[in-house]
Amino acid sequence: MRLATAFIVFVLPFFLVVEALDAETVEEFAVRDLFNRNVNAESSHTNNWAVLVCASRYWFNYRHMANALGMYRTVKRLGIPDSNIVLMLADDAACNSRNHFPGCVFANRGHALDLYGENIEVDYRGYEVTVENFLRLLTGRVEPSVPRSKRLLTDDRSNIFVYMTGHGGDEFLKFQDSEEISAFDIADAFEQMWQKKRYNEIFFMIDTCQANTMYSKFYSPNILATGSSRIRENSYSYENDDDVGVSVIDSYTHFVLEYLEGVNKTSTTSMKDLFDKYDPEIIRSHPGVRSDLFHRPLERTLITDFFGGVAHAEVMHTGPPHLPSSTLVPPLAQVDSITEDEHMQVEVLHNPMDGTGDHWVGLYRAWGAVGIMGLLVAWATLNTKW
Amino acid sequence: MPCGKERDGDGYPSTTTTTRRAGLITTMSGHGSSKEPSTLTFERPSIRVWILSSYLVFVVLALPLWWSTTSIERLSLPTSRVDSLGSKELHLPISVAVDVARPRLPSDNLAQKIRTLFELRKETIPALYSRLELAMDSSRGTSLPDTYSISLTEDVEFPTIRGRHLSVPIHQANRAPDLLLDLLTPYGTPSPPGTFHHLVAKYSPRYRLAFTLLNEDAAAGRAVIGWDVAEMLSRWIAPVLRQMSELHNFTIESQIRFYAPLAFEPLFLNNGNDLIHGLTQENLKVFVNSAEWTLASSVSNDPVLHFVVFVPSMSRTPLRILDDTSQPISSNSFVLPQWGGIVLLNLPPDTPSKLRLTEAELDHVFIGFRAQLLRLVGASELPQDVRSSEPNRPLTDFQLDTLYRQRTFENAGSSKETLQSIVKLVDQISNMPVGQDVRNDVLEALSALEVLYAGVWSVPALALQHSSRALTLASRAFFNPGMLALLYFPAEHKYAVYTPLFAPVAVPLLVTLLREVLAWKKTRKARNST
């Protein structure tokens, strides 16, 4: 039905405008146009980027480092090159003097997998992990001296995976225990990225307490968001390791990473499969998904659209080798497309957040504060004897 | 503790203020009724009023300072000029002369056909070509350098290009209008799905080209230890770069690496008599093992286009690309969109264990690279069986001009959008600063764009320069580090900051003010009643 409507919408103008063309050609153009549009709707990105943020420092937050490093390992395994991964790690648990396993970060009880490994590139470390640097990274407003590895050099064909972890609360996430970023700031940063065409699609994932509030303020298109816990709900760690002495990973991230272990570079697992697997019993909080800004059906959105590497490769047929002395240059190349051209319907899913009334609460609080001030002044005046 | 004995055993720890006040009280009570408090010089109402009003004056005088230090510098942007860009259009006229060398040929008819076809294409592909205008000149030959010309002739066997002139053999006269328009508006032709357009890298005034020779495993029997890259570059790549020098500034780097493992296992299959290793189309997407290959240096922030020769190890030779039916195809090169190109180089089994690649092997590779480069920077293809008669010019003038026009169009659109989004964001995000440098960049980009839109550009290279400048400036304005909006600061937080500072000062001031007002009212009442 939708297809039919779209068909009419596309075809009619052509009929009106191009009367000289015979009907068959017109229809062919229109169909091709429609087809092309839908191909774009399927997956029009050509490169993938990942921004992984661990916002908290100190040894007892070991698990947040492990969360971010676990994601780092996974996106790298699934094909995003290091040059396209920006890893922000507020502290270096591997080199902490309390670490019984120097140079290693483990995310499980048995020390099966060293996440720090041998090939790891931390782009922002320690006190460089600030709200300001994070926002500068996203919006691209960095100083000219900032090196390539610390920049997000994306364009309108980039799919970006943004992962954040740390300690947070209702609409904020703490950075380094000294400052915080609010949901509004991230939403505004994404809007600026959208305006400058710095992304094709964003997949935002956050693991913190009350995480789902962090994506409630987004308003830019093509953002898919998921978080670990509802408002007024904590996210918990997954397990302790007795040798390391602290919790080694968070429950939600552990769940997602476990799931992604079953995905490889060529797998066709969709986002919907992942979200359907969410189990509040296992995760011990209620993960949320926001897809009302996202304009592709989740069952057609592959996990590798955000975690993978290259979306297309085109084989080129070059002409036979010839010597420069020849007088005629052959056509240089023809391109064969080997991308999948699947036909699909665009469907919009809704999962709106219940965020109404926040404004009024703020207003009441403000006037309440003024009232208390007034009462204080009045009380002091009346109690003074003169 | 000299004041300790004055404390009257109230049990409070001594602080200077309490003690002094206690002393004052003692003094007052000591003199008792003999002196009214109102008669003391410092207790005169006028002094109290002075003190109080000096505080108030201070607050009022400090307000502008507070305002200027807490507000954000937001210079006004030329909103209306940016808005008026929306309706402007580029003028990129194309003038075509139909060369009637032989009067008996139906050239008028040809001109008419070209025009009709052109109008038709404009209707169907609105993006760029509605901006193009066709000026037909069917008089014999024209001397203007930027005029394209077309002629029907018996001298050539295939349609042939020389400069801006297209010669079509007479027996292909019917194809002539199509050919000409395919050359002038190649992006506009309805091409099959999966066109190469998404391969094209984003425009940048500077590119870095990184040429890499990868040995899959030099330790496993055979190693390529050198290649005549400089020679190959000057033979195959440099002419292209020279032609595109108006568009981009290229920097070239090259390297050889001796160990470059694949991250997956290619298919091993039997193709007739040969055993081959095959890359499926899924494999191609994950071919670049970015975790272990270092392909470009990170010395600058210019976008990099990679060109990789991959020499499979002896145990993986020959490595071929497979089609959907797992049959090897003849091509051995592929392009990753916006990233670069890869050519597989299978060396014959009898090559020595250490070798240096020379032109015999490399010519083919670099022809592949050249084709990939042209594709990545957005050059169009020549229509089928059209030949160029200038072998040392890899791009014909038709292709080059088309590229100029295409990039001009893209840059103009993109800088227009950037300016519009700056204006919109500044309007939308109230705590985003706009400094002098941002404003200057916006103004300059705007004037470059206005020049671009006002002009009629029959020389597309000039238009490109303006558009490139506009894009650079607009992007610089957008990415100005000073444009970072302040953090969102809710109203409650503001109260939380100001209350502890000002409430302790404000309460006594307000109380005294009220007292003074009440006292004044009382005295007035008393005066009225008497």
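Residues numbered from 1 in each chain as written. Chains lettered and ligands numbered in written order. Predicted model: local features only at pLDDT ≥ 70, side-chain atom pairs only at ≥ 80, totals over all residues. Heavy atoms only, no water.

Caption draft 1: Representation of the overall build of chain B. A tally of helices and strands in chain B yields 13 helices and 16 strands. In chain B, the share of contacts with a sequence separation of at least 24, taken over all contacts with a separation of at least 6, comes to 79%. By element, 58% of the accessible surface of chain B is carried by carbon and sulfur atoms, the whole surface being about 26,200 Å². (Helix = DSSP H or I, 4+ residues; strand = E, 2+ residues; numbered from the N terminus. Contact = heavy atoms within 4.5 Å. Areas by Shrake-Rupley, 256 points an atom, 1.4 Å probe, with all protein chains shown as cover.)

Caption draft 2: Fine view of helix H10 (residues 397-428) of chain B. The first and last C-alpha atoms of H10 of chain B sit 45 Å apart over 32 residues, in line with the 46 Å expected at 1.5 Å per residue. H10 of chain B sits mainly inside the fold: 23 of its 32 residues count as buried. (Expected span 1.5 Å × (residues − 1). Buried < 20%, exposed > 50% of the residue type's maximum accessible area, 1.4 Å probe, protein only.)

Caption draft 3: Layout of the sheet that holds strand E2 (residues 85-89) of chain A. All names here are of chain A. Strand order across the open sheet formed by seven strands is E3-E2-E1-E4-E8-E9-E12, with mixed pairing between neighbours. Strand pairing shows two members of the sheet lacking a second neighbour, strand E3 (124-125) and strand E12 (288-290), which therefore form its edges. With respect to the sheet, helix H4 (residues 131-139) is in contact with strand E1 (47-54), E2, E3 and strand E4 (158-165), its orientation differing from that of E2 by roughly 170 degrees. Each of E4, strand E8 (201-207) and strand E9 (223-227) is contacted by helix H6 (residues 251-261), which is oriented at about 130 degrees to E8, the strand it contacts most. (Pairing = 2+ DSSP bridges. Axes fitted to C-alpha atoms, helices over the stretch in contact; angles between N-to-C directions.)

Caption draft 4: Structural view of the pattern of salt bridges. The full count for this structure, using the stated rule, is 35 salt bridges over all chains. Glu261 of chain A is paired through a salt bridge with Arg73 of chain A; the nearest N and O atoms lie 3.0 Å apart. A residue pair is termed long-range when its members are at least 10 positions apart, and Glu261 of chain A in helix H6 and Arg73 of chain A in helix H3 (residues 62-77) qualify at 188 residues. Of the charged contacts in the structure, one is a salt bridge between Asp401 of chain B and Arg164 of chain B, with a shortest N-O distance of 2.8 Å. Within this pair, whereas Asp401 of chain B is found in helix H10, its partner Arg164 of chain B is found in the loop between strand E4 (160-162) and strand E5 (165-169), the two being separated by 237 residues in sequence. (Salt bridge = Lys/Arg side-chain N within 4 Å of Asp/Glu carboxyl O.)

Caption draft 5: Summary view of unusual backbone geometry. The omega angle of the peptide bond from Thr317 of chain B to Pro318 of chain B is -5 degrees, so this bond is cis rather than trans. With respect to the element layout, Pro318 of chain B can be found in the loop between strand E11 (304-311) and strand E12 (319-321). Of note, Arg284 of chain A is a non-glycine position whose phi angle comes to about 65 degrees, a positive value. Relative to the helices and strands, Arg284 of chain A resides in the loop between helix H8 (280-283) and E12. You can call Arg284 of chain A partly exposed: its relative accessible area is 43%.

Caption draft 6: Just helix H7 (residues 229-243) of chain B, in detail. All names here are of chain B. Here H7 is 15 residues long and its end C-alpha atoms lie 20 Å apart, about the 21 Å a rise of 1.5 Å per residue gives. Roughly 50 degrees is the biggest bend found in H7, and it falls at Ile237, with proline Pro239 one to four residues downstream. Within H7, the full set of buried residues consists of Val229, Met232, Leu233, Trp236, Ile237, Pro239, Val240, Leu241 and Gln243. Next to the buried residues of H7 lie strand E6 (206-215), strand E7 (223-227), strand E8 (249-257), helix H9 (359-377) and H10. (Bend = angle between axes of the 7 residues up to and from the residue.)

Caption draft 7: Geometry of the sheet that holds strand E6 (residues 172-175) of chain A. Residues and elements named next belong to chain A. The antiparallel open sheet is built from three strands, whose spatial order is E5-E6-E7. Sheet topology places strand E5 (168-169) and strand E7 (179-182) at the edges, where each strand pairs with a single neighbour. The sheet contact formed by E5 and E6 spans two bridges and is antiparallel. Bridged to Gly169 within E6 is Phe172.

Caption draft 8: Main features of the packing of aromatic side chains. For the coordinates displayed, the defined rule picks out 35 aromatic pairs over all chains. Aromatic side chains Trp194 of chain A and Tyr199 of chain A sit 5.4 Å apart centroid to centroid with 45 degrees between the ring planes, which places their arrangement in the tilted category. Arranged with centres 6.3 Å apart and planes meeting at 45 degrees, the rings of Phe294 of chain A and Phe306 of chain A form a pair that is tilted. Of this pair, Phe294 of chain A sits in the loop between E12 and helix H9 (304-307) while Phe306 of chain A sits in helix H9; the two residues are twelve residues apart in sequence, bridging distant segments of the chain. Like Phe294 of chain A, the residue Phe306 of chain A is buried in the burial classification. Through pairs of rings, three or more aromatic residues link up here, namely Phe161, Tyr163, Phe203, Tyr252, Phe255, Phe275, Tyr278, Phe294, Phe306 and Phe307 of chain A. Directly above the aromatic system of Phe478 of chain B lies the positively charged group of Arg141 of chain A, at a separation of 4.6 Å from the ring centroid. (Phe/Tyr/Trp six-rings, centres within 6.5 Å; stacked < 30°, edge-to-face > 60°. Lys NZ or Arg CZ within 6 Å of the ring centre and 35° of its normal.)

Caption draft 9: Spatial organisation of the state of the cysteines. Residue and element names in this part refer to chain A. With the rule as written, the count across this model stands at zero disulfides over all chains. Summary of cysteine pairing: Cys95 is not part of a disulfide, and the nearest cysteine sulfur, belonging to Cys104, is at 10 Å. Note on Cys95: relative accessible area 59%, which makes it exposed. Free cysteine Cys209: the closest other cysteine sulfur is in Cys54, separated by 14 Å. (Disulfide = S-S within 2.5 Å.)

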